[in-house]
Amino acid sequence: MIRQPIISVLGHVDHGKTTILDSIRKSTVAAGEAGGITQHIGATEVPLNVIKKICGSLIEEEKIKIPGLLFIDTPGHEAFTTLRKRGGSIADLAILVVDINEGFQPQTDESLTFLKEFKTPFVVAANKIDKINGWIRNDTKSFLESFKKQNETVRRDIDTKVYELVGALSERGFNSERFDRIKDFKSTVAIVPVSGLTGEGIGELLMVLIGLSQQFLSDMLEIKEENGYGSVLEVKEVKGLGTTIDVILYDGKIRRGDYLIIGGKNPIVTTVKALLKPRELGDIRVEKRFSTVDEVFAAAGVKIAAPNLEGAISGSPFRTCRNKEDVKRLKEELRREVESVEIERESTGVMVKADTLGSLEGMIKILQDNGIPIKKAEIGIVTRADAMEMSSIKDPLKRVIFAFNVGVLPEAEQISEVKIFQSPVIYKLIEDYQKWKKDKEEEIRMEKLSHVIRPGKIKILPGYIFRASHPAIVGVEVTGGVIKPGYSLVKEGRIVGKVEQIQREGINVSEAKCGDRLAVSISGATVGRQIKEGDELYVAMGKENIRKLEEMRDLLSKTEVDVLEEIKDIIKKKKMMA
């Protein structure tokens with residue numbers, strides 16, 4: 001038995017995810033939501049007869065084996081990561097919605113990151129072609145039909161914008177092309193220009209999804225299990241039913257009276273009391289008139305009423321079975337699945353907290369790809385205990401907690417030794433962390449170097465003697481390393497004076513680096529005696545200071561290392577001459 005492919009819709013906010021689905025299901029979900037932005041997670045079944053009406057002659061119905069399509073409607077990537085199974089997403093295919101006029105945006109990249117991580121094939125819906133200057137709307141679901149009727153300027157504009165998307169995808173490691181120009185769909189991502197508002201291109205979008213499903217996913221779409229396999233989409237209170245769960249079933253079947261096991265550290269075991277299914281072309285989010293059914297086959301979105309669902313968490317995997325003997329095995333299987341994602345190590349690393357198992361898995365993969373070691377990763381809010389645990393880590397760069405789409409308790413925020421990054425957007429978490437890490441590394445470097453005299457050398461510039469003595473004030477160029485007030489200076493192995501002040505354009509500065517030209521006051525030196533124009537002076541340092549500098553060599557700049565080597569050579573030559 002072949003099931004419907006599960007299709008997830010991802011993309012940047014306001015790029016038209018819900019509008020495209022609306023165009024398919026002829027409902028008004030998007031119009032009823034604040035600002036047209038998808039506020040809730042939903043699932044929509046589109047049967048084959050409806051697809052045939054939309055596509056018309058684009059598809060040959062007799063050749064199609066799949067019974068339809070099941071769309072997951074999602075704000076950004078949330079449902080995609082929520083709906084996971086071991087090793088990936090339960091979505092068989094995805095539509096990446098991109099506004100053809102705006103191109104790739106931050107959440108487009110975020111969505112693409114998850115598609116890569118979960119190895120989910122996808123189609124790009126280049127939406128809002130109706131917004132292109134000069135576009136004439138046509139009463140058709142076919143992009144190609146409408147495209148032929150546009151003037152040459154509009155057609156050229158469309159081609160340019162499509163190839164901008166091709167370039168953007170190429171930069172991100174994907175070959176792509178407009179769908180009607182593709183020879184090999186296995187190695188090329190299809191770009192389908194569409195308008196969710198007018199419906200133009202929706203026919204070809206469905207055609208490509210059907211074609212990909214038929215050609216590449218037939219093995220995956222075969223229902224292999226007698227028991228039900230799925231993921232919890234949302235936990236909801238429903239009047240008269242109590243706590244219910246909206247789920248996506250991706251394999252097998254669920255029957256009224258089945259044992260229901262929901263994964264977690266302490267799996268929930270209960271019994272299915274009622275299965276509530278929305279009508280055809282209804283949306284599980286907004287359709288209130290559910291029909292009660294005795295059994296449901298994959299793939300489907302269904303609401304389950306059962307006792308003891310209060311502890312269920314969105315994103316949890318679930319299993320159903322008929323036989324009581326299977327409960328213990330499935331319970332253990334689910335416990336192991338959750339444990340296989342969560343991390344707890346003795347080694348040093350950051351902590352990750354996320355709202356669902358799928359988002360935790362995605363976060364772990366992305367952190368690992370960025371070379372960020374993880375000590376602990378689990379579902380749940382950030383608690384004081386989490387912050388206290390991380391505060392004991394010696395390395396300040398690892399005293400970090402990533403809170404992905406979860407809250408942080410005020411008492412956790414009070415542990416100042418721990419840095420907490422909180423956001424519902426992964427790229428923002430990584431970006432903020434990398435900036436903080438760079439600043440923190442520099443802060444640590446400067447703190448360590450503050451306890452040693454750093455290597456440096458200066459050249460007294462000819463024609464820039466401002467005072468000969470008490471103190472001598474001269475113009476210099478720092479030709480290597482760093483100089484600071486308080487540093488003694490040597491010439492030919494002998495101390496000739498000490499830096500009192502450094503000024504740039506009449507303003508005192510705390511240090512000068514290689515390449516700087518400024519004025520320096522030197523006590524204990526007289527121009528014409530100890531020092532003169534053109535002299536090169538080195539920062540004076542003893543053996544112990546040199547030993548410490550060698551230990552922190554990796555903290556020094558290249559010019560500091562070069563000057564350190566010169567100072568060591570000077571000392572060596574002096575010893576040999578002695």
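Bear in mind that the values here come from a model prediction, so they are computed numbers and not experimental data.

Peer 1: Whenever I open this one, the layout of surface pockets confuses me. Can you help?
Peer 2: Approximately 390 Å³ is the volume attributed to the largest pocket. Surrounding the largest pocket, 15 residues form its lining, Glu 492, Gly 493, Ile 570, Ile 571 and Lys 574 being those nearest its centre. The set of elements that each furnish at least two residues to the lining of the largest pocket consists of strand S27 (488–491), strand S32 (536–539) and helix H14 (558–577). Counting residues per element, the lining of the largest pocket draws most heavily on H14, at six residues. Among the residues forming the lining of the largest pocket, the class breakdown is 10 nonpolar, one polar and four charged.

Peer 1: When you look at the packing of aromatic side chains in this model, what are you seeing that I'm missing?
Peer 2: In this description, an aromatic ring pair is defined by two values, namely the gap between the centres and the angle between the planes. Evaluation of the coordinates by the stated rule reveals nine aromatic pairs. Taking 5.9 Å as the distance between ring centres and 85 degrees as the angle between the ring planes, the aromatic pair formed by Phe 421 and Tyr 433 counts as edge-to-face. Linking Phe 421 in strand S24 (residues 419–423) with Tyr 433 in helix H12 (residues 426–449), this pair joins segments that are 12 residues apart in sequence. Exposure remark for Phe 421: the relative accessible area of 7% places this residue in the buried category. Ring plane angle 70 degrees and centroid distance 6.3 Å describe the contact between Tyr 464 and Phe 466, whose orientation is recorded as edge-to-face. Assessed through its relative accessible area of 42%, Tyr 464 is described here as partly exposed.

Peer 1: Can you help me understand the pattern of salt bridges in this one?
Peer 2: Taken as a whole, this structure holds 50 salt bridges when the rule is applied. Here the salt bridges do not stand alone but share partners, grouping Glu 442, Arg 445, Arg 454, Lys 484, Glu 511, Lys 513 and Glu 560 into one network.

Peer 1: So what exactly am I meant to see when it comes to the sheet that holds strand S10 (residues 228–238) here?
Peer 2: Overall, antiparallel pairing links the eight strands, which are arranged S14-S13-S19-S10-S11-S18-S15-S16 in an open sheet. Two strands in the sheet have a free side with no partner beyond their single neighbour: strand S14 (268–271) and strand S16 (291–293). Direction aside, the axes of adjacent strands within the sheet are offset by 35 degrees on average. For strand S15 (residues 274–277) and strand S18 (residues 300–305), the ladder comprises three bridges, and the chain directions are antiparallel. What sits directly across from Leu 275, in S18, is Ile 304. Helix-sheet contacts for helix H8 (residues 325–341) involve S10, strand S13 (259–262), S14 and strand S19 (317–321), and the interaxial angle to S19 is about 170 degrees.

Peer 1: Please explain the nonpolar core as it appears in this structure.
Peer 2: One recurring pattern in soluble globular proteins: nonpolar side chains tend to sit buried together. The biggest cluster of nonpolar side chains holds 89 residues, and the ones touching the most others in it are Phe 71, Phe 122 and Phe 402. Among the nonpolar cores identified, the runner-up in size contains 36 residues, and Leu 449, Val 474, Met 541 and Leu 555 belong to it.

Peer 1: Is there a simple way to explain the environment of Ile 223 in this structure?
Peer 2: Note on placement: Ile 223 falls in the loop between helix H7 (202–216) and S10. Measuring from C-alpha to C-alpha, the distance between Ile 223 and Gly 252 comes to 5.8 Å, with 29 residues separating the pair along the chain. Once residues lying within four places of it in the same chain are set aside, the contact partners of Ile 223 are Met 1, Arg 3, Asp 251, Gly 252 and Ala 298.

Peer 1: Honestly, the environment of Tyr 433 in this entry has me stumped. Any pointers?
Peer 2: The exposure class assigned to Tyr 433 is buried, which follows from its relative accessible area of 4%. When the C-alpha atoms of Tyr 433 and Val 400 are compared, they prove to be 8.8 Å apart, with 33 residues separating the residues in sequence. Each residue touching Tyr 433, except ones within four places of it in the same chain, is listed here: Ile 372, Leu 397, Val 400, Phe 402 and Phe 421.

Peer 1: Sorry, what's going on with the confidence of the model for the protein chain here?
Peer 2: When pLDDT is low, close inspection of the predicted coordinates is not appropriate. Mean pLDDT over the protein chain: 88, with 92% of residues reaching 70 or higher. Put simply, helix H3 (residues 78–82) is where the protein chain has its lowest mean pLDDT, 70, and strand S9 (residues 189–193) is where it has its highest, 98. Within the model, pLDDT remains below 50 along residues 27–41, and this stretch shows 35 contacts once partners closer than five positions in the same chain are excluded.

Peer 1: Help me understand the sheet that holds S24, please; the structure alone is not making it clear to me.
Peer 2: Strands in a sheet are paired, the pairing made by backbone hydrogen bonds, and the direction either parallel or antiparallel. On the basis of which strands lie adjacent, the open sheet formed by five strands has the order S20-S22-S21-S23-S24 and mixed pairing. A single partner strand is all that each edge strand has here, and the edge strands are strand S20 (343–344) and S24. In the sheet, strand S21 (residues 350–354) pairs with strand S22 (residues 374–379) via five bridges, with the strands oriented parallel. Looking at S22, one finds that Lys 353 is bridged to Glu 378. Here helix H9 (residues 357–369) sits on the sheet in contact with S20, S21, S22 and strand S23 (400–404), set at roughly 160 degrees to S22.

Peer 1: Sorry if this is basic, but what is going on with the packing of H9 against H12 here?
Peer 2: For any two helices packed against each other, one specifies the crossing angle of their axes together with the interaxial distance. At their nearest, the axes of H9 and H12 sit 11 Å apart, and the two run at 35 degrees to each other. Along this stretch, H9 crosses H12, giving a crossing that reads as right-handed. When H9 is examined against H12, the residues Met 363, Ile 366 and Leu 367 are found in contact with a partner set consisting of Ile 426, Leu 429 and Ile 430. Looking at the contact of H9 with H12, its residues break down into six nonpolar, no polar and no charged.

Peer 1: Hey, could you run me through the pairing of strand S25 (residues 456–467) in this one?
Peer 2: Consecutive side chains of a regular strand alternate in pointing toward one face of the sheet and then the other. Direction of pairing for S25 relative to strand S26 (residues 472–483): antiparallel, over a ladder of seven bridges. Looking at the pairing, Lys 459 lines up with Glu 477 of S26. If you look at the hairpin formed by S25 and S26, you'll find four residues sitting between the two strands, and His 470 has a positive phi there, around 55 degrees. By the bridge criterion, three bridges tie S25 to S32 in an arrangement that is antiparallel. Its bridge partner being in S32, Lys 459 is matched across the sheet by Glu 536.

Peer 1: Explanation requested: helix H13 (residues 543–551) in the structure shown.
Peer 2: Because each turn of an α-helix spans 3.6 residues, side chains separated by three or four positions in sequence point in the same direction. Turning to H13, its buried residues are Asn 545, Ile 546 and Leu 549. The buried side chains of H13 occupy one side of the element, clustering within an arc of 100 degrees when seen end-on. For H13, the exposed residues set more than 90 degrees away from the buried face come down to Lys 543 and Glu 551.

Peer 1: I keep staring at the pairing of S19 and nothing clicks. Help me out?
Peer 2: The buried fraction of S19 is high, at five of five residues. Of the two faces of S19, both are covered, the one formed by Pro 317, Arg 319 and Cys 321 as well as the one formed by Phe 318 and Thr 320. Here S10 runs beside S19; their pairing, made up of four bridges, is antiparallel. The residue of S19 that forms the bridge with Tyr 229 is Arg 319. Where S13 meets S19, four bridges bridge the pair, whose relative direction is antiparallel. What sits directly across from Ile 262, in S19, is Phe 318.

Scoring rules and cut-offs
- Residues numbered from 1 in each chain as written.
- Predicted model: local features only at pLDDT ≥ 70, side-chain atom pairs only at ≥ 80, totals over all residues.
- Heavy atoms only, no water.
- 1 Å grid on protein atoms, 1.4 Å probe; cavity = no way out; pocket = protein on both sides within 12 Å on 5 of 7 lines; lining within 4 Å.
- Points joined across faces, edges and corners; volume = space filled by probe spheres on them.
- Helix = DSSP H or I, 4+ residues; strand = E, 2+ residues; numbered from the N terminus.
- Nonpolar A, V, L, I, M, F, W, Y, C, P; charged D, E, K, R; others polar.
- Phe/Tyr/Trp six-rings, centres within 6.5 Å; stacked < 30°, edge-to-face > 60°.
- Buried < 20%, exposed > 50% of the residue type's maximum accessible area, 1.4 Å probe, protein only.
- Salt bridge = Lys/Arg side-chain N within 4 Å of Asp/Glu carboxyl O.
- Pairing = 2+ DSSP bridges.
- Axes fitted to C-alpha atoms, helices over the stretch in contact; angles between N-to-C directions.
- Contact = heavy atoms within 4.5 Å.
- Core = buried A, V, L, I, M, F, W, Y, C linked by side-chain atoms within 4.5 Å.
- pLDDT = per-residue confidence, 0-100.
- Left-handed = near helix turned anticlockwise from the far one by under 90°.
- Arc of directions from axis to C-beta.

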